[in-house]
Structure formats: structure tokens, C-alpha cells
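The lines below spell out each chain.
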Amino acid sequence: MSTSRLTARDLTLRYGERVVSTGLTVDVPDGAFTAIVGPNACGKSTLLKALVRLIRPSEGSVSLDGRDVNAFPTKEVARQLGFLPQDPVAPEDIRVRQLVMRGRFPHQTLLSTWSEADEKAVAEAMSAAGVADLAERPVQQLSGGQRQRVWIALVLAQDTSYLLLDEPTSFLDITHQYQLLDLLSRLRNQGRTVITVLHDINQACRYADHLVAMKAGQIVAEGAPVDVVSAELLKEVFDLPCVVVPDPVTGTPMVVPLPGEH
């Protein structure tokens, strides 16, 4: 049975007067790949932001190791939870390596200097994200896909136990999408806990150990994809007529939309 160091209990999440979710409860399985899926504006990104305390719940709490995340010092949270938002913005005129180096900030102190461990973490993160050859390029001169991989390198350089990524495959071509998902799977196999928002339900089914399906701010279903993904669920969550068949490569659920019925 999976344990959960990172949990959310009875959350009410809102932006100003607009309530996104109420009574939202979730346990993130440790050392697993969790994918959050659902239609646009259903609360997926808001849930991620609450888990990394970018949004403070108006009711309920998010806990890490039994302690409210809002009680942690900022750097301590950043050493545990690495977060990639949907639309990060790079400082003007910054180069790729300089941006990735910022992922080491949580590990620095007033008395510490840049170390061999920092250098190694940055080099390994850039290599893993496929941006080592872009090290001296200005970030603003890169394509959308290249920039996305640089941001992924920054999060990897942070070297956290948890990786929370909001639509990390955005802007990536299909080859780089699967390279990234393979990388996240390897990190999961090495003991990291991965939590992603994904739009491609078939990618979520293939890579995730734990699937969270959301609609209108609520969790409709969660569990292993093979246990929860069905034509009925896809109709309920996405209003998508489809059939669900085994993926011919992995045997995981594969969603095949029915033509002419959308």
C-alpha cells in the first residue's frame, strides 16, 4: 500500500471571489508518477499550485510529512518541492546556463560558495533535459520547445524529492514529449515522486502509476489507469464518446475517440 508524505485535506481553493474547488482531498503516492487530467479550467493547475503553496487554501490544509506546508521556511520547501508552472518568464538577457543555475538557489546559504556539487547538478540537469549544447545561448532567442526544456533543466537542477510539473509537454514536439516522459519515469524509478498535469490522456495512461481525473474543481476518479479509465469516465469527464482498448505496446488503457460523435 502506497504511503503519502504529501497530502491535501478538504481544500477550498479560490481566486478572489471565484471558488475553484471545495472539499478537495488527495494523497500523493510516494515514489510514484501521478498524472492529473481533466478538461480546461477544471482546477488541475490550481491544485498543483496549492500543493507547492503558491495558493493558500481558504479552508483545509496541505501537509508534507504531517506538517502544514505554509509552516515551512521558503528555502526548505524549495529543497523538497520542485515546481514548473505553465508559463514561466525568464529574466531579460539571461543565458541558458545562468537560468539553470538558479535551480541551485535553495541549496545556497549566506556563507556558502558555488560548489562542485552545484556544478555537477547543473551539468547533469542540462544533459538530462537535452540543453547542454545551448548553455551560452540567450533564453529569449530559443524556440518555445527549447525554452521549455531549459525550464525543465532548472527544476531538475533543484534536485528535489518531488517534481510537480504543470503541462510539461507544452511546446515540445512529439519526440521530445516522449523523451521527457521517459526521463520522468526514470526519475520515478530512482525514487522521486512525480506529479504532472497532462492533456494527452493516452500519455497519462501509459506513464502514470496513479491517475487523478478532475472535473469542475472536483476529483471524479483516481487510481491506477487500468482500474479507472473507461469509456464511461471519458464521457463523464471530457464529454468524449470513445472506446478504450489495450495499448498494443504497453497494455495500458488507450483511448480511441469515435468519429463523428463529438
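Preceding this paragraph is the structure being described.
Below you will find a few notes about this structure. Fair warning: this is a prediction, and the values are worked out from it, not measured in the lab.

## Describing the overall build of the chain
Here's step 1: Along the chain, the regular secondary structure elements total nine helices and 12 strands.
Here's step 2: Over its C-alpha atoms the chain spans a radius of gyration of 19 Å, differing by no more than 12% from the 18 Å that the globule rule assigns to 262 residues.
Here's step 3: A principal-axis box enclosing the C-alpha atoms of the chain has dimensions of 55 × 40 × 40 Å.
Here's step 4: Considering only residue pairs separated by 6 or more positions, the chain has 62% of its internal contacts joining residues 24 or more positions apart.
Here's step 5: Carbon and sulfur atoms form 51% of the exposed surface of the chain, whose accessible area is close to 12600 Å².
Here's step 6: The average position of the 25 basic charges and that of the 31 acidic charges among the side chains of the chain differ by 5 Å.

## A closer look at the sheet that holds strand β8 (residues 193-197)
Here's step 1: Taken in spatial order, the six strands of this open sheet run β6-β7-β8-β3-β9-β10, and their pairing is mixed. The strands lining the two open edges of the sheet, one partner per strand, are β6 (81-84) and β10 (218-223). Recorded for the sheet is a direction-independent mean angle of 15 degrees between the axes of neighbouring strands.
Here's step 2: Pairing analysis gives five bridges linking strand β7 (residues 162-166) to β8, with the strands arranged parallel.

## Section: empty space enclosed by the protein
Here's step 1: Scanning the entire structure with this criterion turns up two cavities of 30 Å³ or more.
Here's step 2: Empty space within the largest cavity amounts to approximately 50 Å³.
Here's step 3: Residue lining of the largest cavity: Val26, Asp27, Val28, Pro29, Thr34, Ile36, Leu47, Leu51, Ile195, His210 and Val212, and that is the complete set.
Here's step 4: Of all the secondary-structure elements, those providing two or more residues to the lining of the largest cavity are β2 (18-28), β3 (33-37), α1 (44-51) and β9 (210-215).
Here's step 5: At three residues, β2 tops the list of elements feeding residues into the lining of the largest cavity.
Here's step 6: Per-class residue counts for the lining of the largest cavity are eight nonpolar, two polar and one charged.
Here's step 7: Approximately 30 Å³ is the volume found for the second largest cavity.
Here's step 8: The dominant element in the lining of the second largest cavity, judged by the number of residues it contributes, is helix α9 (residues 231-238), at four residues.
Here's step 9: A per-class count over the lining of the second largest cavity returns eight nonpolar, no polar and no charged.

## Examining α9
Here's step 1: If you check which residues of α9 are buried, you get Leu233, Leu234 and Val237. The arc that holds every buried residue of α9, seen down its axis, measures 100 degrees, which confines them to one face.
Here's step 2: Packing partners of the buried residues in α9 comprise α7 (201-207), β9, β10, α8 (225-228), β11 (242-246) and β12 (253-257).
Here's step 3: Looking one or two residues beyond α9, the residue adopting positive phi is aspartate 239, at roughly 55 degrees.

## Some thoughts on the nonpolar core
Here's step 1: Within the largest apolar cluster, 52 residues are counted, with the highest numbers of intra-cluster contacts made by Val96, Leu99, Val100, Met126, Leu163 and Leu184.
Here's step 2: When residues in this core are grouped by element, the largest group, eight residues, is from helix α5 (residues 144-157).

## Quick notes on the environment of threonine 22
Here's step 1: Locating threonine 22 in the fold gives a position in strand β2.
Here's step 2: In this structure threonine 22 comes out as partly exposed when scored by relative accessible area, which is 40%.

## Considerations on the packing of helix α4 (residues 116-129) against α5
Here's step 1: Where α4 meets α5, the axes come as close as 8 Å, and the angle between the chain directions of the two elements is 140 degrees. Taken together, the axes of α4 and α5 lie oblique to each other. The way α4 lies across α5 gives a crossing that is right-handed. Between α4 and α5, the contacting residues are Ala121, Val122, Ala125, Met126, Ala128 and Ala129 on the first element and Arg149, Ile152, Ala153, Leu156 and Ala157 on the second.
Here's step 2: Here the residues of the contact of α4 with α5 are counted per class, giving 10 nonpolar, no polar and one charged.

## Considering the sheet that holds strand β4 (residues 59-64)
Here's step 1: In spatial order, the strands read β2-β1-β4-β5; together these four strands make up an open sheet with antiparallel pairing. Strands with a single pairing partner mark the edges of an open sheet, and in this sheet they are β2 and β5 (67-68).

## Concerning the layout of surface pockets
Here's step 1: Counted as a void, the largest pocket has a volume near 490 Å³.
Here's step 2: Only α2 (74-80), β6 and α5 provide two or more residues apiece to the lining of the largest pocket.
Here's step 3: Here the residues of the lining of the largest pocket sort into 15 nonpolar, four polar and three charged.
Here's step 4: Taken together, Arg104, Lys120, Ala121, Glu124, Ala125, Ala128, Leu156, Asp159, Leu183, Leu187 and Arg192 make up the full set of residues lining the second largest pocket.
Here's step 5: Those elements that provide at least two residues to the lining of the second largest pocket are α4 and α6 (174-189).
Here's step 6: Here the element with the most residues in the lining of the second largest pocket is α4; it accounts for five residues.
Here's step 7: Residue composition of the lining of the second largest pocket, grouped by class: six nonpolar, no polar and five charged.

Rules and cut-offs
Sequence order as written defines the numbering, with residues in each chain counted from 1. Confidence filtering applies because this is a predicted model: local features only for residues at pLDDT of at least 70, side-chain atom pairs given and counted only at 80 or more, and all residues used for totals across whole chains, interfaces and linings. Side-chain calculation: all heavy atoms of the structure are included, whereas hydrogens and water are not. Helix and strand assignments follow DSSP, with helices taken as H or I runs no shorter than four residues and strands as E runs no shorter than two, numbered in order from the N terminus. This radius of gyration counts C-alpha atoms alone. The globule rule is 2.2 Å times how many residues there are, raised to the power 0.38. By the convention used here, residues are in contact when the closest approach between their heavy atoms is within 4.5 Å. A 1.4 Å probe and the Shrake-Rupley method give the accessible areas. Residues count as covered only by the protein chains that appear here. By the counting scheme adopted, Arg and Lys are positive, Glu and Asp are negative, and His together with the chain ends is not counted. A single reference atom marks each charge: NZ on Lys, CZ on Arg, CG on Asp, CD on Glu. Pairing between two strands is assigned when DSSP locates at least 2 bridges connecting them. To define axes, lines are fitted to C-alpha atoms, for helices over the stretch in contact only, and angles between the resulting N-to-C directions are given on a 0 to 180 degree scale. Grid points spaced at 1 Å over the protein atoms alone were grouped into cavities, where a 1.4 Å probe fits but cannot get out, and pockets, open sets with protein on both sides within 12 Å along at least five of seven lines, with lining residues defined by an atom within 4 Å of a point. Grid points are joined across faces, edges and corners, and a volume is the space filled by probe spheres set on the points. Polar here means any residue outside two lists: the nonpolar Ala, Val, Leu, Ile, Met, Phe, Trp, Tyr, Cys and Pro, and the charged Asp, Glu, Lys and Arg; Gly therefore counts as polar. Only protein chains enter the accessibility calculation, which uses a 1.4 Å probe; a residue is then buried when its area is under 20% of its type maximum, exposed when over 50%, and partly exposed in between. By arc we mean the arc of the directions from the helix axis to the C-beta atoms, nothing more. As used here, the term nonpolar core means buried Ala, Val, Leu, Ile, Met, Phe, Trp, Tyr and Cys residues forming a set that is joined through side-chain atoms within 4.5 Å. With respect to orientation, any angle under 35 degrees is reported as roughly parallel, any angle over 145 as roughly antiparallel, any angle of 65 to 115 as roughly perpendicular, and every other angle as oblique. Crossing handedness is read from the near helix: turned anticlockwise from the far helix by less than a right angle, it gives a left-handed crossing, and turned clockwise, a right-handed one.

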